Amino acid sequence: MLNVGSPAPDMAVDEKILNISSPVANEETKGGVERENWKNPFQFFFYCLGYAIGFGNVWRFPYLCYKNGGAAFLIPYLTMLFVAGIPVFFMELSIGQYVSLGPTVLFYKLAPIFSGCYYEEGAALCRNQSLFFFNHSCLSLEDYCGLEDLLPFNETHCQNSANTSLTPIEKVVTRISASEDFFRNRMLRVTGSTWEDMGDMQWELVGLMALSCVIVGICLSRGIKTTGNIVYFTALFPYAVMFILFIRGITLEGAYKGLEFYILKPNVTRLTEVEVWCEAAVQIFFSTGICYGSLITLSSYSKFTNNCMRDAFVVTITNCSTSVFFGVVIFSVLGFLANEMGVNVNEVAASGSGLAFVVYPAAISLMPIPQLWSVLFFLMLINVGFGTQFSMVEAVTTAIVDQFESLRKRKPLVVMGTCISLFLMGLSMCLQGGIYMLEVFVFYSPGVSILIICILQMIAVIGIFGFRNLLNAVEEMKIRVRLPLRIYWGVTWLCLTPASLILITVISFTDIVPASWEEYLFPEAIQVLGWLLCYCPVAVVILGAAHAVATNKEEFLTLFKTTSEFCPANKRAKQEEEINAKFRYLSHNEVFMIENGSS
């Protein structure tokens, strides 16, 4: 039986003192397991910059800009940047830095009902001789038509002898460029693969993926201070390469032709189309990396007084400027390619992997010293990939060690375990038909679920924690918010940002397009798989809320209230010290006494 009080004066007492302390408090004070911090603000800035500058800047934005009205697309793009991009970016940086916790633990302390948030890539010579190029040979019209058992009809058509139907010359055989042939038939070996038959494992790709996981694992296992030094290179090297390619690109014949298609002939009539505004908003989310948990994780390692508001403006504006600059580099080279092929730029413009691995390499191959430009371009892509991957894996490992703090001193093992798990999950993408799995992830992952997560995040931070409390927290971190910025944050956080997010989410449900790769439309079962992947993060939020309700021992409304632990790390440690107690065991009569640690 447990009694609290003083023992009788005449009792013989054998007194033993037991210190009962919070495990978290103990671990945070032991040497070697304290939460790391960035060595200096520049490490944090370049880490965020490397995370935000991703493949979306290189192969997605230029195509969207060309597709949606050229320079006119910058109007909705910049509008969505200031309406949703910067406000959400700063909100994530501020709460992560204020509480010094990763998103999985942070949202539980912010509001238990949101505890599930964030649990969750020789023909021209033949033409001049009126011959046809096929399989590295120049063929006559008769031989070329004979490839498909057809007869020559005239210089532009072949004839089927059985039914006298005509087939245009360009459709007799499917012709692809050398770069596309290498990408499809040598690197991927995707030809003939389907979802029903994904083919064999591509061991070269498996080895390269294993190498990338090892590099990421070794870098992150040494801690954020070491990785912070590495990102100086991974963040800045792409700019150096793209500047070199920019100088080379604008001096190529036909470069102006490409820039005309990209940005010099704006089509303002496209601004009246809702689709353009939706694509601008999605690109802002995709490009800046908001609502993926990585920004909260990175800012949680910042010093309490770091000016994250300045970082939010600089990183996001730099990110968008980079997208525009990369577009100039890409389309100047595409203009050169179109000029060499004698076609319009829109016939060579592409997005995604087609741009990075087919069109751009084809253009580079026509330049003098193509090996040099190829090496620079792909080294740039590798660094862009590593910059994003460092932040993504760090977000996962931080979530694990924040949730299970006993693992903090074993973080290198957590990092390697995470990398091995990600490697195993990526093996399906190394099959001959693995590009299909990759496209499913690319198509569905930055979709509606991210918008829904962002809306829930806005409800948790602005609706429950409160706009005034968030501004007070920012000022507590010694960040001065002048009146114009107070008005800006108030208008966006309380009105424009949530309204635009809800509107775009609703519109997204009305414009659903099935996933495909080139002309191969994926089966319905795979579309269902894609939607399951899309809504996994939302399902985890629901499960987290259900768990919070099931384990709640207080009033139901407390699930929608900010806990006392949503505070700076030093205050949280002080709270834990105050609730520690000393138990005095009186062995003579088995009576326990409880004394406050402060007594």
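Definitions and cut-offs
Residues numbered from 1 in each chain as written. Predicted model: local features only at pLDDT ≥ 70, side-chain atom pairs only at ≥ 80, totals over all residues. Heavy atoms only, no water. Salt bridge = Lys/Arg side-chain N within 4 Å of Asp/Glu carboxyl O. Buried < 20%, exposed > 50% of the residue type's maximum accessible area, 1.4 Å probe, protein only. Helix = DSSP H or I, 4+ residues; strand = E, 2+ residues; numbered from the N terminus. Phe/Tyr/Trp six-rings, centres within 6.5 Å; stacked < 30°, edge-to-face > 60°. Expected span 1.5 Å × (residues − 1). Bend = angle between axes of the 7 residues up to and from the residue. Axes fitted to C-alpha atoms, helices over the stretch in contact; angles between N-to-C directions. Parallel < 35°, antiparallel > 145°, perpendicular 65-115°, else oblique. Left-handed = near helix turned anticlockwise from the far one by under 90°. Contact = heavy atoms within 4.5 Å. Nonpolar A, V, L, I, M, F, W, Y, C, P; charged D, E, K, R; others polar. Core = buried A, V, L, I, M, F, W, Y, C linked by side-chain atoms within 4.5 Å. Pairing = 2+ DSSP bridges. Polar contact = N/O pair within 3.5 Å; in protein donor to acceptor, adjacent residues only side chain to side chain. Patch = residues over 30% accessible without salt bridge, like charges linked within 9 Å, V, L, I, M, F, W, Y side chains within 5 Å. Areas by Shrake-Rupley, 256 points an atom, 1.4 Å probe, with all protein chains shown as cover. pLDDT = per-residue confidence, 0-100.

A.B. asks: Can you tell me about the pattern of salt bridges, naming the residues and giving the values?
C.D. replies: Overall, the coordinates contain nine salt bridges when judged by the stated rule. Residue glutamate 273 is joined to arginine 270 by a salt bridge in which the shortest nitrogen-to-oxygen separation is 3.0 Å. The class of glutamate 273 is partly exposed, set by a relative accessible area of 31%. Across the pair lysine 411 and glutamate 394 runs a salt bridge, and its minimum N-O distance is 2.7 Å. Here lysine 411 is found in helix H17 (residues 411–425), whereas its partner glutamate 394 is found in helix H16 (residues 370–403), with 17 residues between them in sequence.

A.B. asks: Explain the packing of aromatic side chains to me, using residue names and the numbers behind them.
C.D. replies: The final tally for this structure, using the stated rule, is 35 aromatic pairs. Here the aromatic rings of phenylalanine 90 and tryptophan 493 are separated by 5.8 Å at their centres, their planes lie at 15°, and the arrangement is stacked. Three or more aromatic residues link up through ring pairs in this structure, and these residues are Phe90, Phe313, Phe467, Tyr488, Trp489 and Trp493.

A.B. asks: An account of helix H3 (residues 55–67) is needed here, citing residue identities and associated values.
C.D. replies: Along its 13 residues, H3 runs 18 Å from first to last C-alpha, staying within 8% of the 18 Å computed at 1.5 Å per residue. The sharpest bend along H3 reaches about 35° and sits at phenylalanine 61, with the proline proline 62 one to four residues further on. Among the 13 residues that make up H3, 10 are buried, leaving the element largely enclosed by the rest of the structure. Three or more residues of H3 are buried, namely Phe55, Gly56, Asn57, Val58, Trp59, Phe61, Pro62, Leu64, Cys65 and Tyr66. Phi turns positive, to about 105°, at glycine 69, one or two residues after H3.

A.B. asks: Give me the packing of helix H18 (residues 434–444) against helix H21 (residues 524–551): which residues, what numbers.
C.D. replies: Viewed as axis vectors pointing N to C, H18 and H21 meet at an angle of 50°, and their least axial separation amounts to 9 Å. Between H18 and H21, the angle is such that the two are oblique. The element H18 and its partner H21 pack so that their crossing is right-handed. The segment H18 lies against H21, with Val440, Phe441 and Tyr444 engaging Ile526, Gln527, Gly530, Trp531, Leu533 and Cys534. Split by residue class, the contact of H18 with H21 holds seven nonpolar, two polar and no charged.

A.B. asks: I'd like to hear about the nonpolar core, residue by residue, with values.
C.D. replies: With 141 residues, the main nonpolar core has Phe107, Phe285, Trp489 and Trp493 as its most contacted residues. Here this core gets 18 residues from one element, more than from any other, and that element is helix H19 (residues 448–476). In this structure phenylalanine 285 touches Ala84, Ile290, Cys291, Tyr292, Ile450, Leu451, Cys454 and Leu501, once residues within four positions along its chain are discounted. Ile435, Tyr436, Met437 and Val440 belong to the second-largest nonpolar core, a separate cluster that totals 17 residues.

A.B. asks: Could you give me a rundown of the sheet that holds strand E4 (residues 151–152), with the residues and numbers involved?
C.D. replies: Taken together, three strands build an open sheet; the order of strands is E4-E5-E6 and the sheet is antiparallel. In this open sheet, the two edge strands, each paired with only one partner strand, are E4 and strand E6 (166–168).

A.B. asks: Hey, could you go over the side chain of aspartate 311 for me, with residue numbers and the actual values?
C.D. replies: In this structure, aspartate 311 sits in helix H14 (residues 308–341). Only 3.1 Å separates the side chain of aspartate 311 from the side chain of asparagine 306, close enough to count as a polar contact. Residues within four places of aspartate 311 in sequence aside, it is in contact with Phe44, Phe45, Leu93 and Asn306.

A.B. asks: Which residues make up a nonpolar patch on the surface, and what values go with them?
C.D. replies: Taken together, the side chains of Leu483, Ile487, Val491 and Leu496 present a nonpolar region at the surface, about 360 Å² in accessible area. If you trace the backbone, isoleucine 487 turns up in helix H20 (residues 483–510).

A.B. asks: Kindly report on unusual backbone geometry, identifying the contributing residues and their values.
C.D. replies: With glycine set apart, most residues show a phi of negative sign, and most peptide bonds adopt trans. A positive phi angle is found at cysteine 291, which is not glycine, with a value near 70°. Position of cysteine 291 relative to the elements: it lies in the loop between helix H12 (274–288) and helix H13 (294–299). At lysine 478, a position not held by glycine, the phi torsion is positive, near 65°. Mapped onto the fold, lysine 478 is located in the loop between H19 and H20. Given a relative accessible area of 67%, lysine 478 falls into the exposed group.

A.B. asks: How would you explain the confidence of the model for the protein chain if you had to name every residue and give the values?
C.D. replies: Of all residues in the protein chain, 81% attain a pLDDT of 70 or more, and the chain-wide mean is 78. Across the protein chain, helix H4 (residues 74–99) holds the top mean pLDDT of 91, while helix H6 (residues 123–128) sits lowest at 39. Under a pLDDT of 50 for its full length, residues 1–32 has, in the predicted model, 51 contacts with residues more than four places off or in other chains. Contacts from residues 581–599, a stretch scored under 50 in pLDDT, to residues over four places away or in other chains number 52 contacts.

A.B. asks: Can you break down the side chain of serine 287 residue by residue, with the values?
C.D. replies: With respect to the helices and strands, serine 287 occurs in helix H12. Overall, the relative accessible area of 2% leaves serine 287 in the buried class. Excluding its chain neighbours within four sequence positions, the residues that come into contact with serine 287 are Ala52, Asn57, Tyr77, Asn319 and Ser323.

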